[in-house]
Amino acid sequence: MSDQPRRPRKPAKPYRRPKKDPVRILAFEALRAVDERDAYANLVLPPLLRKARESGDFEARDAALATELVYGTLRRQGTYDAVVAACVDRPLREVDPPVLDVLSLGAHQLLGTRIPTHAAVSATVELARVVLGDGRAKFVNAVLRKIAQDDLDGWLERVAPPYDEDPEDHLAVVHSHPRWVVSALWDSLGGGRAGIEELLRADNDRPEVTLVARPGRATPAELLDEEAAEPGRWSPYAVRLTEGGEPGAVTAVAEGRAGVQDEGSQLVALALANAPVEGRDRMWLDGCAGPGGKAALLGALAAERGALLLASEKQPHRAGLVAKALHGNPGSYQVIAADGTRPPWRPGSFDRVLVDVPCTGLGALRRRPEARWRRRPEDLDGFAPLQRGLLRTALESVRPGGVVGYATCSPHLAETRAVVADLLKQFPDADLIDARPLLPGVPDLGEGPDVQLWPHLHGTDAMYLALIRRTG
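Nothing here was measured: the structure is a model prediction, and the numbers come from that model.

*Asks:* Explain the nonpolar core here, please?
*Replies:* Side chains that are nonpolar tend, in soluble globular proteins, to be buried together. Phe 58, Val 70, Leu 111, Val 140 and Ile 147 are the most contacted members of the largest nonpolar core, which totals 55 residues. The leading source of residues in this core is helix H1 (residues 22-37), at nine residues. Within the second largest apolar cluster, 40 residues are counted, among which are Val 212, Leu 270, Leu 297 and Ala 307.

Below is the structure:
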């Protein structure tokens, strides 16, 4: 036995409970809902924020930070995945999804915000202790310290392949889009590197909130009285809330006289309403009316001309949303729950028909950034029969001399021009008409006769519109 006296043990440090940060906990909960339930952040986040405000945990700046953490993380998820993958010793698929969400939140704070490095790391590790436990928090701490060793540009040089070797994969990593989406957008946009990079960057920008003053019920001047409100760029009924805010707090929105509607969506409805028709103009149809934004604008425009709007939506709960949007419309309208490919109305009943068909939603990635990771190329095959079926019904439903508007919130050529070209082959008495003059003042509309709007060129969602007149 040794004669050396034993050194006294240092007293164990008392266990310190993790600090609960309501902002980051809320952001984590929103990301988990998006991942686990295939929820959309724009639907999950508002009730979470409302509950936090009602509990007294949140101030306005807390809500702004939570919103930035959620949307910023989702927009740059692909980039952050590439960075995290370079900092862990296992494939990302072997990292538990909740751990990956915490790492992505930390990566966004380190690489995408002005939060100081030490604060970003310590706050994220505390979050990990709360939601993951102390053991996995140590792993999070180790990974975040590696990420903190470089800035975003430095990491992109390390994890993105050179543009000259693989342009699409380079753009996919740098601008955080799946490779197949980059390829599809590039095909639709055409042109060289500058245009596609501008588009991908615009997809990652925070969009302004745009309101629509429904004619006969509200005026743009009324909405412009709101703080930080500016006129729309192209639609005479649009007002932009340039600093965000809560649209529901606007009196006209709360009363249903105005609504939240992207300016591209407004332009589609306006173009159909203003397209020249031959003969009568009394019956309008919105054949895919949910959730009701375009229907409410069309209903107000129809009322000014003494026309009736029939708004049809297949899903009953979405038909209820359409009815709510149209409630108080000064003119005549009817809302029905019906399958647009098996309509209950007679052929040739309508003078104007709009079908804004279900699609991949690749034109609204600014507003639903998670959709880019959720969609797959094979989804196009699933939508194709429905899109063609709805346009076929629309062309059968309009009378000779009337006009059909085919719209999608996707610029993918398989969902736009390919669908229109296929149906025109089946209807020799249908012709495309030039939609560009019906969007007065809007630049960069291409060669026509159809129209493709773009976030980077027009500040709108990437809405597509083709106007077709039945001549037989």
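More follows now that the structure is in view.
*Asks:* Mind showing me how you'd approach the pattern of salt bridges here?
*Replies:* When charged atoms on two side chains of opposite charge get close, those side chains can pair. One pass over the structure, following the stated rule, counts 34 salt bridges. We note a salt bridge from Asp 21 to Arg 24, for which the minimum N-O separation is 2.6 Å. The exposure class assigned to Asp 21 is partly exposed, which follows from its relative accessible area of 24%. Exposure remark for Arg 24: the relative accessible area of 10% places this residue in the buried category.

*Asks:* What exactly am I supposed to notice about the pairing of strand E5 (residues 283-286) here?
*Replies:* Walk down a regular strand and you will see the side chains alternate between the two sheet faces. Bridging between E5 and strand E6 (residues 308-313) involves four bridges; their strand directions are parallel. Within E6, the residue paired with Trp 284 across the bridge is Leu 309.

*Asks:* Please clarify how unusual backbone geometry should be interpreted in this entry.
*Replies:* Note: most peptide bonds trans; most residues except glycine with negative phi. The amide bond that connects Gly 290 to the next residue, Pro 291, takes the cis arrangement and shows omega of 5°. Mapped onto the elements of the fold, Pro 291 is located in the loop between E5 and helix H15 (293-305). For the peptide bond that leads from Gly 448 to Pro 449, omega is 0°, which places it in the cis range. Its place among the elements puts Pro 449 in the loop between strand E10 (430-433) and strand E11 (451-452). Although it is not a glycine, Ser 176 adopts a positive phi angle of roughly 60°. Following the sequence through the fold, Ser 176 ends up in the loop between helix H9 (167-175) and helix H10 (179-189). Overall, Ser 176 belongs to the buried group, its relative accessible area being 0%. Within the chain, Asp 444 stands out as a residue other than glycine whose phi angle is a positive 55°. Take Asp 444: it is sitting in the loop between E10 and E11.

*Asks:* Help me understand the sheet that holds strand E2 (residues 229-231), please; the structure alone is not making it clear to me.
*Replies:* Think of a sheet as strands paired side by side through backbone hydrogen bonds, with each pair either parallel or antiparallel. Spatial strand order, E2-E3-E1-E4: four strands in an open sheet with antiparallel pairing. The strands lining the two open edges of the sheet, one partner per strand, are E2 and strand E4 (258-260). Averaged over all pairs of adjacent strands, the angle between strand axes in this sheet comes to 30°, irrespective of strand direction. Inspection of the sheet shows E2 paired to strand E3 (residues 238-241) by three bridges, in the antiparallel sense.

Rules used in this analysis
- Residues numbered from 1 in each chain as written.
- Predicted model: local features only at pLDDT ≥ 70, side-chain atom pairs only at ≥ 80, totals over all residues.
- Heavy atoms only, no water.
- Core = buried A, V, L, I, M, F, W, Y, C linked by side-chain atoms within 4.5 Å.
- Buried < 20%, exposed > 50% of the residue type's maximum accessible area, 1.4 Å probe, protein only.
- Helix = DSSP H or I, 4+ residues; strand = E, 2+ residues; numbered from the N terminus.
- Salt bridge = Lys/Arg side-chain N within 4 Å of Asp/Glu carboxyl O.
- Pairing = 2+ DSSP bridges.
- Axes fitted to C-alpha atoms, helices over the stretch in contact; angles between N-to-C directions.

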